[in-house]
Structures are given as C-alpha cells and as structure tokens.
Amino acid sequence: MENSTALETSGSRRNWLKKTSLLGSALLTGSLADAKPEAAKPQVIRRLPISVSSYSYWPLTGDKYPIEKVIENAARIGFDGVEILHRQMAEESVGYQNKLKRLAFDNGLALPLLSIHQNFLQPDVAKRKADIEHTYKCINMASQMGIPCVRMNTGSWGTIKNKRQTDYYTHGIEPPIEGYTDEDGIKWTIDGMGECLKYAEKEGIVLALENHWGLSSNIDYLLRMYNALKSSPSMGLNVDTGNFVGEPYAGLEKLAPYATIVQAKTYYGGGTFYDKEMDYTRIGKIFQKANYKGFVSLEMEGKENPDVSVPKSLELLRKAFTFMA
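Quick caveat: nothing in here was measured; it's all calculated off a predicted structure.

Trainee: Quick question: what am I supposed to make of helix 10 (residues 280-289) here?
Mentor: An α-helical turn contains 3.6 residues, so any two residues separated by three or four positions project in the same direction. Buried within helix 10 are the following residues: Tyr280, Ile283, Gly284, Ile286 and Phe287. Each buried residue of helix 10 lies within a common arc of 155° when the element is viewed along its axis, so the set occupies one face. Those residues of helix 10 that are exposed and aimed more than 90 degrees away from the buried face are Lys285 and Lys289. Where helix 10 begins, the side chain of aspartate 279 points an oxygen toward the backbone nitrogen of threonine 281, at a separation of 3.3 Å. Asparagine 291 sits one or two residues past helix 10 and shows a positive phi near 60°.

Written out as structure tokens, the structure reads:
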C-alpha cells in the first residue's frame, strides 16, 4: 500500500510539472495572448406577457365565437392571458362572468383587459350620459371578473358612413357634426371620461383611452385628453399599434412612454378594414426604449383562419417583445 501511494504521488508531480511546462511555452510563444475572448451572449432582460383578444376570433360579424373557447385555445397555444371584448360576451349575468373568470384561472391565464365601446362625440347630453352609465356597468363587470383595465374610446362624429368603402383609413379625418368643432368633442370626452374615472377609482379599475380612430386618430388630441386626466390614479392609455394613419412608428414613439396596455395588430390573409405593414422588431424596440413592462394583447385583424394566424401572431409577438440587453 505504501509503494502504491508513493507511485501515485510521483505520477501526480510529473503531470503537474508537464502542465506547468506547457503553460510556460504557451506564454513564451504568445498563443494565449493572441487568443480572443468569447463574445458575450445577448441576455434576456424582460419577456412581456402576451394575451389574445377574443376579437381575434370574431371580427364583429356572424355568429359570436364563444369566449370560453378562446380561453381554451389561448391556454393550449401558450398565451399568458385573454382580452375580453364586451360585445362578444354571450350574456352579462354574474354567473356567466364568474364562469369566464374561473375558466381563465383553471387554465393559468390572466384577464388583463375588458374592451368596451362608448361615444362621447354626441351633442345630446342625454346620449353622452347614457354612455357614461354604460361605462359604469362595464366597470362593475370588470371588477366582478377580476379584470384590472377597461378599454375606452373617444367615439366618432358619425359624419362618414361606410368607412370601409371610403378612403377614411388613409387620412383619418372625420368632419365634426355641423355647428360643432373638434374642440367641443375634446371637451365632451374629457368631461365624460372624468365622470367615469371617479367611478373607476372607487372600484380600483384603470380606464385606458385608446387611439381608436375618430377623434383619437389625431395623436396630439389624444395626448391633450390624456394629460388633462392623468392626475387620476385610474387614468391610463391603451396604445394600438395598427390604428395610425400611414406608418405607425412616429406615433408609437409619442405614445409608448404613456402606455398602460398595448394592443398589437396583425393582418394575415389581408386586413378586414385595411392592410398595414408592421415591423414588429422595430415596434418592440420602441417599447423597450420606453421601458414598457405591461401586457401586449394580440388583435388579429386579418382574413386568414385564426386557427392558423393566431399561433403565427403569437410567435411574432413573443420574438418582438422579448427584450434583450
């Protein structure tokens, strides 16, 4: 045993001397000095959560696509949440709302946004009041379903009929109702939103005003309204990547610093309302620069079968909204 130990010790010393000699030779020849350090690999610093709007499966026409099925699809495909379009809900009972909330929970999904409609661009005070009351009701539903944010609209003057058959989406200009101006609409929106915000604050719900055409297609108008209301803890901004006249990037750079939630459009198979080229690599960098951390909600607005286009859209958005160092 003693001889064996001595041999092992002697062998270990010889190996150490051999390695030391080789290291010295390498230093003399400069081979280590010439070696280039391995380039650092890009690091993921944030992956934004991606939800899918139920609207992606139901473009406001034909039989309503069940929201329950949207939730099941979203879990299977790999989304993080589902945005619920109010008009797509089968009913408004508490039981139905609880069913959607439980189904999302059981599938490990968030419900980040309830998208609703209202129109503040109406001279008739009673009509504006009715839309405020409608918003109160929807705030209650959002609270019941555990949804933290409600999408809001300025509304439209309604002076251009059949927008799809005109060039409206190329310029976004809608003349006010005769006898009124855009300034009237801005005031009505601020006043109406202000009333809704008082109610939302009590329920702990965020109201996110969207660039949703109409008056809000003018980004300067939208920011004026947002800034007039931003002192409310419930005031937010919903930034839609597709609702811009022409290219979206300049408008997105203006709005991204204020975004509460983002709706991301895709148009596979050709757009339902219009076609738009979207560079999501560029869009992702805009939101990364703005330090955006919230949800991105897919609105697939193309004509391709959503069973095909929605998974493709998720792959696109996952890549664009995974921020690298």
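Trainee: How do you make sense of helix 5 (residues 125-145) when you look at a structure like this?
Mentor: For helix 5, which comprises 21 residues, the first-to-last C-alpha distance of 30 Å matches the rise-based estimate of 30 Å (1.5 Å per residue) to within 8%. Among the residues of helix 5, Arg128, Asp131, Ile132, His134, Thr135, Tyr136, Cys138, Ile139, Met141, Ala142 and Met145 are the ones counted as buried. Elements that come into contact with the buried residues of helix 5 comprise strand 3 (81-85), helix 4 (94-106), strand 4 (113-115), strand 5 (149-152), helix 7 (182-203) and strand 6 (206-210). Sitting at the amino-terminal end of helix 5 is aspartate 124, which places a side-chain oxygen 2.8 Å from the backbone nitrogen of alanine 126. Positive phi appears at glycine 146, one or two residues downstream of helix 5, with a value of about 75°.

Trainee: Quick question: what am I supposed to make of the nonpolar core here?
Mentor: The nonpolar side chains of a soluble globular protein tend to be buried with one another. Counting 91 residues, the largest nonpolar core has Leu114, Leu207, Phe287 and Phe321 as the members making the most contacts within it. Non-local contacts of phenylalanine 321, meaning those with residues more than four positions away in its chain, are made with Arg46, Arg47, Leu48, Ile50, Tyr280, Ile283, Gly284, Phe287 and Val296.

Trainee: So what exactly am I meant to see when it comes to the side chain of serine 313 here?
Mentor: Position of serine 313 relative to the elements: it lies in helix 11 (residues 306-320). Given a relative accessible area of 0%, serine 313 falls into the buried group. In contact with serine 313, not counting residues within four places along its chain, are Thr266, Tyr268, Leu298 and Met300.

Trainee: Looking at this model, I keep getting lost on the confidence of the model for the protein. Mind explaining?
Mentor: In low-pLDDT segments, the atomic positions of the prediction should not be examined closely. Within the protein, residue pLDDT values average 90, and 88% of them lie at 70 or more. Note that pLDDT drops below 50 for residues 1-14; the model gives that stretch 0 contacts with residues more than four away or on any other chain. Confidence over residues 16-33 falls short of pLDDT 50; this stretch has 4 contacts with residues more than four positions distant or in other chains.

Trainee: I'm lost on the sheet that holds strand 8 (residues 261-266) in this one. Help?
Mentor: In sheet architecture, strand pairing relies on hydrogen bonds along the backbone and comes in two forms, parallel and antiparallel. Judged by pairing direction, the barrel is parallel, and its 8 strands sit side by side in the order 2-3-4-5-6-7-8-9 before closing back on the first. Across the sheet, the mean angle from the axis of one strand to that of its neighbour is 30°, orientation sign disregarded. Judged from the 4 bridges that link them, strand 5 and strand 6 form a sheet pairing that is parallel. Paired with cysteine 149 across the two strands is valine 206, which belongs to strand 6. Sitting on the sheet, helix 11 touches strand 2 (50-53), strand 8 and strand 9 (296-300), and the angle it makes with strand 9 is about 145°.

Trainee: Would you take a moment to explain the environment of glycine 269 for this structure?
Mentor: With respect to the helices, strands and loops of the structure, glycine 269 is situated in the loop between strand 8 and helix 10. For the pair glycine 269 and glutamate 304, spaced 35 residues apart in sequence, the C-alpha to C-alpha distance is 4.4 Å. Not counting chain neighbours up to four residues away, the residues in contact with glycine 269 comprise Lys303 and Glu304.

Trainee: It is not clear to me how the pairing of strand 3 should be interpreted in this structure. Could you clarify?
Mentor: The side chains of a regular strand alternate, first on one face of the sheet and then on the other. Of all the 5 residues making up strand 3, 5 are buried; the element is thus mostly covered by neighbouring parts of the structure. Where burial is concerned, the two faces of strand 3 agree: the one with Gly81, Glu83 and Leu85 and the one with Val82 and Ile84 are both buried. Across 3 bridges, strand 2 lies against strand 3 in parallel orientation. Residue pairing for strand 3: serine 51 is matched across the bridge by glycine 81. Note on the crossover from strand 2 through helix 3 (residues 67-77) to strand 3: the handedness is right-handed. Relative to strand 4, strand 3 runs parallel, the two sharing 2 bridges. Bridging from a neighbouring strand, isoleucine 84 pairs with leucine 114 of strand 4.

Conventions and cut-offs
- Residues numbered from 1 in each chain as written.
- Predicted model: local features only at pLDDT ≥ 70, side-chain atom pairs only at ≥ 80, totals over all residues.
- Heavy atoms only, no water.
- Buried < 20%, exposed > 50% of the residue type's maximum accessible area, 1.4 Å probe, protein only.
- Helix = DSSP H or I, 4+ residues; strand = E, 2+ residues; numbered from the N terminus.
- Arc of directions from axis to C-beta.
- Polar contact = N/O pair within 3.5 Å; in protein donor to acceptor, adjacent residues only side chain to side chain.
- Expected span 1.5 Å × (residues − 1).
- Contact = heavy atoms within 4.5 Å.
- Core = buried A, V, L, I, M, F, W, Y, C linked by side-chain atoms within 4.5 Å.
- pLDDT = per-residue confidence, 0-100.
- Pairing = 2+ DSSP bridges.
- Axes fitted to C-alpha atoms, helices over the stretch in contact; angles between N-to-C directions.
- Right-handed = clockwise from strand over helix to strand, strands pointing away.

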